[in-house]
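# Coordinates in review
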Amino acid sequence: MLLQPFYIDKIITTALEEDIHYVDVTTDYLLDDEHTSEAYYLAKDTGVLCGIDIAKRVFELAGGNVTMEILKKDGETVQKGDILARMKGSTKTLLKGERTALNLLQHMSGIATATNKAVEIVSGIATATAECVALVAGTRAQITDTRKTLPGLRQLQKYAVTVGGGKNHRYNLSDGAMLKDNHIDAYGSITGAVTALRKKIGHMVKIELEVRNLDELREALAAGADIIMLDNMSCDEMKKAVAINDGKVLLEASGNVTKDNIRSVAETGVDIISLGALTHSVKCFDISMRIQTVKD
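None of these values were measured; they are calculated from a predicted model. (Residues numbered from 1 in each chain as written. Predicted model: local features only at pLDDT ≥ 70, side-chain atom pairs only at ≥ 80, totals over all residues. Heavy atoms only, no water.)

What follows deals with the overall build of the protein chain. Summing up its helical and strand segments, the protein chain has 11 helices and 14 strands in all. Dimensions of the protein chain, computed from the C-alpha atoms along their principal axes, are close to 75 × 55 × 25 Å. Counting every position in the protein chain, which comprises 296 residues, the buried fraction comes to 46%. In the protein chain, of all internal contacts separated by at least 6 residues, the share reaching a separation of at least 24 is 68%. When the accessible surface of the protein chain is summed, it comes to about 15400 Å², and 51% of that surface belongs to carbon and sulfur atoms. Where the 35 positive side-chain charges of the protein chain centre and where its 40 negative ones centre are 3 Å apart. (Helix = DSSP H or I, 4+ residues; strand = E, 2+ residues; numbered from the N terminus. Buried < 20%, exposed > 50% of the residue type's maximum accessible area, 1.4 Å probe, protein only. Contact = heavy atoms within 4.5 Å. Areas by Shrake-Rupley, 256 points an atom, 1.4 Å probe, with all protein chains shown as cover. Lys, Arg positive; Asp, Glu negative; His and termini not counted. Charge placed at Lys NZ, Arg CZ, Asp CG, Glu CD.)

Inspection of the entire model under this criterion finds zero aromatic pairs. In this arrangement the basic side chain of Arg86 is found over the ring face of Tyr40, its NZ or CZ atom lying 5.9 Å from the centre. (Phe/Tyr/Trp six-rings, centres within 6.5 Å; stacked < 30°, edge-to-face > 60°. Lys NZ or Arg CZ within 6 Å of the ring centre and 35° of its normal.)

Before going further, it helps to examine the sheet that holds strand E8 (residues 142-144). On the basis of which strands lie adjacent, the open sheet formed by six strands has the order E8-E13-E12-E11-E10-E9 and parallel pairing. Each end of this open sheet is capped by a strand with a single partner; those strands are E8 and strand E9 (177-179). Each adjacent strand pair in this sheet contributes to an overall mean axis angle of 25°, direction not counted. Here E9 runs beside strand E10 (residues 207-211); their pairing, made up of three bridges, is parallel. If you follow Leu179 over to E10, its bridge partner there is Leu209. Relative to E10, helix H7 (residues 190-198) is tilted by about 165°, and along the sheet it contacts E9 and E10. Relative to the sheet, helix H9 (residues 235-245) contacts strand E11 (227-231) and strand E12 (250-254), its axis offset from that of E12 by approximately 165°. (Pairing = 2+ DSSP bridges. Axes fitted to C-alpha atoms, helices over the stretch in contact; angles between N-to-C directions.)

Let us look at the layout of surface pockets. Estimated volume of the largest pocket: approximately 560 Å³. In terms of lining residues, the largest pocket is bounded by 20 residues, among which Ala114, Lys117, Lys259, Leu278 and Val282 are the most central. Elements that contribute at least two residues to the lining of the largest pocket include exactly helix H4 (91-123) and helix H11 (277-280). Top contributing element to the lining of the largest pocket by residue count: H4, with six residues. A per-class count over the lining of the largest pocket returns 11 nonpolar, five polar and four charged. (1 Å grid on protein atoms, 1.4 Å probe; cavity = no way out; pocket = protein on both sides within 12 Å on 5 of 7 lines; lining within 4 Å. Points joined across faces, edges and corners; volume = space filled by probe spheres on them. Nonpolar A, V, L, I, M, F, W, Y, C, P; charged D, E, K, R; others polar.)

Attention shifts here to helix H5 (residues 154-163). Counting buried residues along H5, eight of its 10 residues qualify, which places the element largely inside the surrounding structure. Restricting attention to buried positions, one finds in H5 the residues Gln155, Leu156, Gln157, Lys158, Tyr159, Ala160, Val161 and Val163. On its buried side, H5 packs onto helix H1 (5-20), strand E2 (47-48), helix H3 (52-61), H4 and H11. Where H5 terminates, the next one or two residues include Gly165, which has phi positive at roughly 100°.

In structure tokens, the structure reads:
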């Protein structure tokens, strides 16, 4: 997934306007324009880095006159104590851009790290014991995000998912037809809703349909859905759904998937596991910016 420069600049500008408004009463009144400093980013946890180039762009838009040497790139695993980048230049710019840059960098790295952990669990991970190191067999499941993103940050969040090794679900409501339970309840039936959509959508548009039980699964298959979402089903129900489907369409598991049960969900044989928690409630990755030297 590629990030469009105009989109990134819009997000950063909005964030800077929100944070600075018209003046930074601390920095602007404390330091003169010629004051320079050196700084660095310090990882305070272990995980997957994401958003370092966006952090660099923050300083360019916050005033410029800052150079950044990037030591760790997006997608790299970083350890607690690693130096991620070094900056040098205008102290005013460094201080004005600090919070905005960290907010984006920490949030995106948190998403990439959480996604990577989920991908490792379902694709096969090494587990160490006192006796040996074993490899847990992989599954066919792919990890994807959802539309449960923070307003205005969807592209950044979905990019972070791909950096962590996950895949993107549809980006917005125009990307594909998805019949949720409320669509079905409002229209009246699964078969009727699928039939009505088929008459109007173009040949490039797929239909995904959410089902709540195995009877709805059978109707969805008969109606010709391209993808079927198994909503809040137990692992036993999903195993039965996989058997009934028998490879006809892609099956997506969604709802109440956590780090504790995601492996069991993957082992049912579903093709996709979508996780809203990757974007709507992820823990930020801990990173600090430290001023290293100050020069008059």
